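As a plain string of letters, each chain reads:
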Amino acid sequence: MERPLVVGVDGSEHSLRAVDWAAQEAARHGLPLRLVEASLWARYEKTLLSFGSSPELDRQRADDIVVKAAERASKAAPGVQVTTDVLPDDTVTALVRESEAAFALVLGHRGRGGFPELMVGSVALQVAGRAHGPVFVLRETGPNTPVSSDPVVLGVGDGGSDSAAVEFALREAALRGAALHAVHAWRRIGPGLASLQHGTAADAHGAQNTLTAALGHAVTAHPDIALHQEVREGPARDVLMSAASSASLLVVGARHRTHSPGLQLGPVTHALLHHVSCPLAIVPQPQP
C-alpha cells in the first residue's frame, strides 16, 4: 500500500490552500491524500474555545472541517483518493505520529489561531523539527505564485550528509519536468579565523567541491533532468532565498540531533520557514 500524502487541516484559509496544493501533488505523485484534523488545535494555536463548548460540538466542528477540506481536495484533483480522520490528540503529537507512515506531511505556515505578527505558526515549527519524514510548509501565495515547471532548488549545506534531500529534490524535479538548481553558499574567512572554519569552504573552488561531493552519483539516475550547480558567496539564508524567488519548490536537508529527539533545523532553515515565498520541503537524513 502506498504511503499517503498527509495534510494537517484546521479550517483556516492557510490549511485550505495547503489542501489545494497537496491534492495536486498527490495527483502528480500518484498517491492517496489523507486529511487530518487533531481536535486540540486550539490548545496549540492559543485559540480560546467559545463558552458553552462541549465535546459533541467540538467533534461536529472537526467533522465539518475535514468534510469541507475533502470537498476542496476533490475539486482540486478529482482523481485522487481522499480519506479523512479526526484525531483526539494535540496537533503536534498527532502529525508527528502521522509522519511515520506518510510519504510526506503538508502544512500551511500558520493555523487558525496564534498571533497575527508571527510569520510562521508554532505547529509548523514544532512538526518540522520532530517529523520522521519530509515536511512541506506552504506560505501565503501571491501574484507570482510558482508553477510546477519552475525549477526545484536544492540547498546543500557543509555537512556532506544531504543524500536524502538530494534524492528527494531529484525525484521532485523529475515529476515536475523541471530543472534542478543545486546551490551551495560559502563565506570568505580571514586568515586569522582559519582555525574556526570547521569544514566550511573558504573559497569558490572548495565550495564547488563540497557541492559536487554532495550530489555524488545520484544525478546519474536521472539523466533527463537539467542540472544547474551554483556556488555563491554570502549568508546561506540570503543565497537560498534569492535562488528560490522563482522556484516551484525549495528543498533542504535536516539532521537528527545527537543527544535529543528531533532534527537540527538550524538558523538557516528557521529563517527559510519564516520568509521563503515558495513551498519549502524539509527532508530528514536517516540516522546511520
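Remember, it's a predicted structure, so these values are computed and weren't measured experimentally. Once a new chain begins, its residue numbering starts again from 1 and follows that chain's sequence as written. Confidence filtering applies because this is a predicted model: local features only for residues at pLDDT of at least 70, side-chain atom pairs given and counted only at 80 or more, and all residues used for totals across whole chains, interfaces and linings. Computation of side-chain values: all heavy atoms of the structure, hydrogens and water removed.

**Considering the overall build of the chain**
(1) Moving on: For the chain, the count of helices and strands is 9 helices and 11 strands.
(2) Moving on: Think of it in three bands: residues with accessible area under 20% of the maximum for their type are buried, residues over 50% are exposed, and the middle band is partly exposed, with areas taken using a 1.4 Å probe on protein chains only. Scored against the burial criterion, the 288 residues of the chain give a buried share of 47%.
(3) Moving on: Contacts are assigned to residue pairs that have any heavy atoms within 4.5 Å of one another. Look at the contacts in the chain between residues 6 or more apart in sequence, and 79% of them connect residues 24 or more apart.
(4) Moving on: Surface accessibility in these figures is a Shrake-Rupley result with a 1.4 Å probe; residues are shielded only by whichever protein chains are displayed. Taken as a whole, the chain presents about 13800 Å² of accessible surface, with 55% of it coming from carbon and sulfur. Each helix is a run of DSSP H or I of at least 4 residues and each strand a run of E of at least 2, with the numbering of both proceeding from the N terminus.

**Describing helix H8 (residues 236-243)**
(1) Moving on: If you check which residues of H8 are buried, you get Val 239, Leu 240 and Ala 243. For H8, the buried positions fall inside an angular range of 90° around the axis, keeping them on one side. To be clear, the arc concerns the directions from the helix axis to the C-beta atoms.

**Here's the deal with the side chain of Gln 285**
(1) Moving on: In this fold, Gln 285 is placed in the segment after strand S11 (280-284).
(2) Moving on: A polar atom in the side chain of Gln 285 sits 2.8 Å from the side chain of Ser 163. What qualifies as a polar contact is a pair of N or O atoms within 3.5 Å, subject to a donor-acceptor requirement within protein and to the restriction that residues adjacent in sequence count only when both atoms come from side chains.

**Some remarks on the pairing of strand S7 (residues 180-186)**
(1) Moving on: Burial of S7 is extensive: 7 of the 7 residues sit out of reach of the surface.
(2) Moving on: Burial along S7 is two-sided: the residues Leu 180, Ala 182, His 184 and Trp 186 and His 181, Val 183 and Ala 185 are all buried.
(3) Moving on: As defined by bridge partners, strand S6 (residues 152-155) adjoins S7 across 4 bridges and the pair is classed as parallel. Its bridge partner being in S7, Leu 154 is matched across the sheet by Ala 182. One bridge is not enough; two strands pair if DSSP finds at least two bridges between them.

**Here's the deal with the confidence of the model for the chain**
(1) Moving on: A score between 0 and 100, pLDDT records how confident the predictor is in each residue. Residues of the chain with pLDDT of at least 70 account for 77%, and the chain-wide mean is 83.
(2) Moving on: Here helix H2 (residues 41-45) stands out as the element of the chain with the lowest mean pLDDT, 44, in contrast to S6, whose mean of 97 is the highest.
(3) Moving on: Per-residue pLDDT stays below 50 along residues 113-120; that stretch engages in 18 contacts with residues further than four places along the chain or on separate chains.
(4) Moving on: Across residues 193-199, confidence stays below pLDDT 50; counting only partners more than four residues off in sequence or on other chains, it has 3 contacts.

**Details of the packing of aromatic side chains**
The geometry of an aromatic ring pair is captured by two quantities: the separation of the ring centres and the angle between the planes.
(1) Moving on: Each Phe, Tyr or Trp ring, with Trp reduced to its six-membered ring, pairs with another whose centre is within 6.5 Å; inter-plane angles below 30 degrees give stacked pairs, above 60 give edge-to-face pairs, and intermediate values give tilted ones. A complete count under the given rule lists 3 aromatic pairs for this structure.
(2) Moving on: Consider the rings of Phe 103 and Phe 168, whose centres lie 6.3 Å apart with planes at 25°: the pair is stacked. Of this pair, Phe 103 sits in the loop between helix H4 (91-99) and strand S4 (104-108) while Phe 168 sits in helix H6 (residues 163-176); the two residues are 65 residues apart in sequence, bridging distant segments of the chain.
(3) Moving on: A centroid spacing of 5.7 Å and a plane angle of 45° characterise the contact between Phe 136 and Phe 168, whose relative ring orientation is tilted. Here Phe 136 is found in strand S5 (residues 135-138), whereas its partner Phe 168 is found in helix H6, with 32 residues between them in sequence. Of the two residues examined, Phe 136 and Phe 168, each falls in the buried class.
(4) Moving on: By way of ring pairs, the aromatic residues Trp 21, Phe 103, Phe 136 and Phe 168 are connected into one cluster.

**Regarding the packing of helix H1 (residues 13-29) against H6**
(1) Moving on: Lines fitted to C-alpha atoms define the axes, with helix axes restricted to the stretch in contact, and inter-axis angles between N-to-C directions lie between 0 and 180 degrees. Relative orientation of the contacting elements H1 and H6 amounts to 85°, with a least axis distance of 10 Å. Here H1 is positioned roughly perpendicular relative to H6, judged by the angle of their axes. For the pair H1 and H6, contact is made by Trp 21, Glu 25, Arg 28 and His 29 and by Glu 172, Leu 175 and Arg 176, respectively. Note on terminology: angles under 35 degrees are roughly parallel, angles over 145 are roughly antiparallel, angles of 65 to 115 are roughly perpendicular, and the others are oblique.

**Topic: the pairing of strand S1 (residues 5-8)**
(1) Moving on: Side chains of S1 alternate between two faces, with Leu 5 and Val 7 and Val 6 and Gly 8 buried alike.
(2) Moving on: Where S1 meets strand S2 (residues 33-38), 4 bridges bridge the pair, whose relative direction is parallel. In the sheet register, Val 6 faces S2, and the bridge partner there is Arg 34.
(3) Moving on: You can see the chain leave S1, run along H1 and come back into S2, and the turn it takes is right-handed. Handedness of a crossover is defined as follows: orient the strands so they point away from the viewer, and if the path from the first strand over the helix to the second runs clockwise, the crossover is right-handed.

**Notes on the nonpolar core**
(1) Moving on: Think of a nonpolar core as a cluster: buried Ala, Val, Leu, Ile, Met, Phe, Trp, Tyr and Cys residues, connected wherever their side-chain atoms sit within 4.5 Å. Core analysis: the largest hydrophobic core is formed by 48 residues, its most contacted members being Leu 5, Val 7, Leu 33, Val 106, Phe 136, Leu 154 and Val 251.
(2) Moving on: What Val 7 contacts, discounting residues up to four positions off in sequence, is Ala 18, Val 19, Ala 22, Leu 33, Arg 34, Leu 35, Val 36 and Val 106.
(3) Moving on: Membership of the second largest hydrophobic core comes to 36 residues, among which are Leu 95, Val 127, Ala 185 and Leu 265.

**As for the packing of H4 against helix H5 (residues 122-130)**
(1) Moving on: One can describe the packing of H4 onto H5 by two numbers: an axis separation of 9 Å at closest approach and a directional angle of 35°. Considering the relative orientation of H4 and H5, their crossing is right-handed. In contact with Thr 91, Val 92, Leu 95 and Val 96 of H4, H5 contributes Val 123, Gln 126, Val 127 and Arg 130.
(2) Moving on: Put simply, Ala, Val, Leu, Ile, Met, Phe, Trp, Tyr, Cys and Pro go in the nonpolar bin, Asp, Glu, Lys and Arg in the charged bin, and everything else, Gly too, in the polar bin. Residues belonging to the contact of H4 with H5 are distributed by class as follows: 5 nonpolar, 2 polar and 1 charged. Two helices cross in a left-handed way if the nearer one is turned anticlockwise from the farther one by less than a right angle. They cross in a right-handed way if the turn is clockwise.

**With respect to helix H7 (residues 204-215)**
(1) Moving on: In this model H7 runs 17 Å from its N-terminal to its C-terminal C-alpha over 12 residues, within 8% of the 16 Å that 1.5 Å per residue would give.
(2) Moving on: Of all the positions in H7, only Ala 207, Thr 210, Leu 211, Ala 214 and Leu 215 are classed as buried. What you see down the axis of H7 is that its buried residues fit within an arc of 130°, all on one side. Looking at H7, the residues exposed on the side facing more than 90 degrees away from the buried face are His 205 and Ala 213.
(3) Moving on: Among the structural elements, S6, H6, S7 and strand S8 (227-233) are those in contact with the buried residues of H7.
(4) Moving on: By the N-cap criterion, in which a side-chain oxygen at the helix start approaches the backbone nitrogen of a residue two or three places on, H7 is capped by Asp 203, the distance to His 205 being 3.2 Å.
(5) Moving on: Note on H7: the residue one or two positions beyond its end, Gly 216, has a positive phi of about 55°. One less than the residue count of a helix, multiplied by 1.5 Å, gives the span that helix is expected to have.

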